[in-house]
Amino acid sequence: MKFAVMINEGPYQHQSSDSAYNFVKAALDKGHEIFRIFFYHDGVNNATRLTIPPQDDRNIVERWSALAKEHELDLVVCVAAAQRRGLLDENEASRNGKDANNIDESFRISGLGQLIEAGIQADRLVVFGD
Amino acid sequence: MKFAVMINEGPYQHQSSDSAYNFVKAALDKGHEIFRIFFYHDGVNNATRLTIPPQDDRNIVERWSALAKEHELDLVVCVAAAQRRGLLDENEASRNGKDANNIDESFRISGLGQLIEAGIQADRLVVFGD
Amino acid sequence: MLLHTVNKSPFEKNALESCLNLSKAGSGVFLLEDGVYAAMKGTVWADKVTTALSDKKVYVLTPDLAARGMNTDNVIDGIEMVDYAGFVDLVAEYSATQAWL
Amino acid sequence: MLLHTVNKSPFEKNALESCLNLSKAGSGVFLLEDGVYAAMKGTVWADKVTTALSDKKVYVLTPDLAARGMNTDNVIDGIEMVDYAGFVDLVAEYSATQAWL
Amino acid sequence: MEGDVKKFMYLNRKAPYGTVYALESLEVVLIGAAFDQDVSLAFVDDGVYQLANNQTTTPNDGIGMKNFSPTYKALGDYDVTKLYVDQESLEARGLSVDDLMPLTYEDEDDDWAEKPSIRVVSREELTNIMDEQDVVLSF
Amino acid sequence: MEGDVKKFMYLNRKAPYGTVYALESLEVVLIGAAFDQDVSLAFVDDGVYQLANNQTTTPNDGIGMKNFSPTYKALGDYDVTKLYVDQESLEARGLSVDDLMPLTYEDEDDDWAEKPSIRVVSREELTNIMDEQDVVLSF
């Protein structure tokens, strides 16, 4: 079956991203397809490559990034939500005259249409939030 | 009177930072002193200089930054909370081998002791959160 | 005496209820953000708030009421309406502030 | 039939109550994260959850129970305990998933 | 995008301004309107406050946030015409439909007659509507 | 830091793991212990779950988060010895003090006798304790 996942909260503050990760991993283990994972609201904060969690804690961003590489996952960050919160890729940063960018290469920035499309294309959409 | 303020949520997702800003501005208008504003939990996200809010919306980071410059406010970001969430200044970035930093110059990174000290030194501590 | 701040809707979260249960007679309850809905007449919470007024002061932040389209004419009698400047005065007036997040 | 997910404690937020009020007989209610506390015997919520079991299926995510120190022996009778793999199966089994955030 | 039309529901259960969910939910609805799906919005619990009339914010006097409620009035033009409001949620808050914005749309199947978009429904009705959905986006 | 000792209270009302507040609150308490203030912790509402016994997480099997509950056991060594637990919050959740971690400290004023740090208190007691505080940090 084809799943899509929406994540509405940032890493560490809420369990949403952890729960979504465990769900996605279990779905992949069972042979399901993950059509897309869409990060919205504070969920865009999951995409920062600048995170430095304590040694004995999980690295949420790296975990998503590794899973994406292993399974060619489509990790999409909402551009409007990301800009509000200071999450930029190289392209967005230079277009907006910002001197740095912080999005991990495993994530791509795109519009909300990607969320609707995921709802249309996937057999199931699961929302993780606060 | 001497006030200290603690902000526990990031910009835009929750009203906490807006309420704290309006409170601080009103306190300054009345001639009170703001001893320190301490950003904890997702509150550290208030310090990113990479934010690009929509044209017709408020710029929360810039607003804090301008107020800090005008009144020499001490805006302190908790280092542990910030590292977890990918908020770094130049120093933290280079010490941790990160290729970018994102903290606005009006904020400084420090430890939780600064929060306790604010509680001790200020006449009142007000917490804004979710 | 403490000034208790409540920024959550009483319909959504238990913050106001706990605050009312654990605040002393004579203390202040300050409603802001989504907490301001508790100040309105005619809701299922109005009776509890009215009861609280018998031994506590209750305040509501008017800019938060206005943003949410809540008519100040419908604020429960006895609740004091203040702006941010009034909020600052209250924080100074009470001995300490306790947030019910 | 929908699978309703509830990730909030019924003591803190109104998500479970609204979910139970607005879910059809035959639908599923999936408790995860802080929502798992609703699955425990002996709480002020236990009766409502037991009543829901009369016409709905209720599931609880065991890893979330374990993290919180909740003993699976004290889970209300009739609630089905599943792991993340079971969660995936349930999402596939029901026609759609509705989150009560 | 493709031939199939799915039933999309946006479930709104949070008050405006205190959190961003109401505003960012509306942004999804506006984008989603271009996809020609069968769209419904549900306003339950504090979500009903999103539709409150007379929301007033000004930059320099007030909470300093933008009043985004006028955007709901544009939904009709985007063919988003089914806004279901839970009656019990209204009543618990001492509100009636008269306290909400008068949202309307022009019905092309009825000689463009202006009709109300807000439909106050009972729990039972809303439960049935929700159960028919293919995709539920929760905010 | 200075001569005055203030009464600091940490108010914990949220469950662990679902949100980070419990963990990051504990980090403040540990740092704050170095400042020689009069420290109390209050566990109210879902905050009482923070002290639940037998919390179990493992990286590869389970929720994938660190079990931080052992840190509460170290509080006694940091001279954080007053953990007030709201009795009604426990009861509403079907819990008793036996379901909580057996936290203790050694009382230097009583020949280092081992004493319980957790003090289950009534609403009235807790209300009085809270009202005496100079600084309340809420999580």
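Scroll up to find the structure this text is about.
Residues numbered from 1 in each chain as written. Chains lettered and ligands numbered in written order. Predicted model: local features only at pLDDT ≥ 70, side-chain atom pairs only at ≥ 80, totals over all residues. Heavy atoms only, no water.

Engineer: Outline the interface of chain E and chain C, listing residues and values.
Structural biologist: Interfaces are often sized by the accessible area lost when the parts come together. Contacts between chain E and chain C engage 20 residues on the former and 16 residues on the latter. For the pairing of chain E and chain C, the buried interface totals around 1,400 Å² over both sides, and the portion due to carbon and sulfur atoms is 57%. For the interface between chain E and chain C, the tally reads six residue pairs in polar contact (both at pLDDT 80 or more). Broken down by class, the residue content of the side of chain E that touches chain C amounts to seven nonpolar, nine polar and four charged. (Contact = heavy atoms within 4.5 Å. Buried area = accessible area lost by both parts, 1.4 Å probe. Polar contact = N/O pair within 3.5 Å; in protein donor to acceptor, adjacent residues only side chain to side chain. Nonpolar A, V, L, I, M, F, W, Y, C, P; charged D, E, K, R; others polar.)

Engineer: Mind laying out the sheet that holds strand β5 (residues 124-128) of chain B, listing which residues take part and the relevant values?
Structural biologist: All names here are of chain B. The five strands lie next to each other as β4-β3-β2-β1-β5, forming an open sheet whose pairing is parallel. Pairing within the sheet leaves two strands with one partner each, and these edge strands are β4 (107-110) and β5. Between one strand and the next, the sheet's axes are offset by a mean angle of 25 degrees, whatever the strand orientation. Sheet topology note: the strand β1 (residues 2-7)/β5 ladder contains five bridges and is parallel. By the bridge assignment for β5, Met6 is matched with Val127. Packing of helix α5 (residues 113-121) onto the sheet brings it into contact with β1, β2 (33-39), β3 (75-78) and β4, and relative to β2 it is tilted by some 155 degrees. (Pairing = 2+ DSSP bridges. Helix = DSSP H or I, 4+ residues; strand = E, 2+ residues; numbered from the N terminus. Axes fitted to C-alpha atoms, helices over the stretch in contact; angles between N-to-C directions.)

Engineer: Would you mind going over the relation of the copies chain B and chain A in detail, with residue names and values included?
Structural biologist: With an RMSD of 0.0 Å, the operation that places chain B on chain A is a rotation of 180 degrees combined with a shift of 0.0 Å along the axis. When the rotation and shift are considered jointly, the pair of chain copies conforms to a two-fold rotation axis. By C-alpha distance to the rotation axis, the residue of chain B lying nearest is Ala100 of chain B, at 3.1 Å. In this assembly the copies share their binding face: 100% of the residues contributing to the interface of chain B also contribute to that of chain A. (Least-squares fit on C-alpha atoms with pLDDT ≥ 70 in both.)

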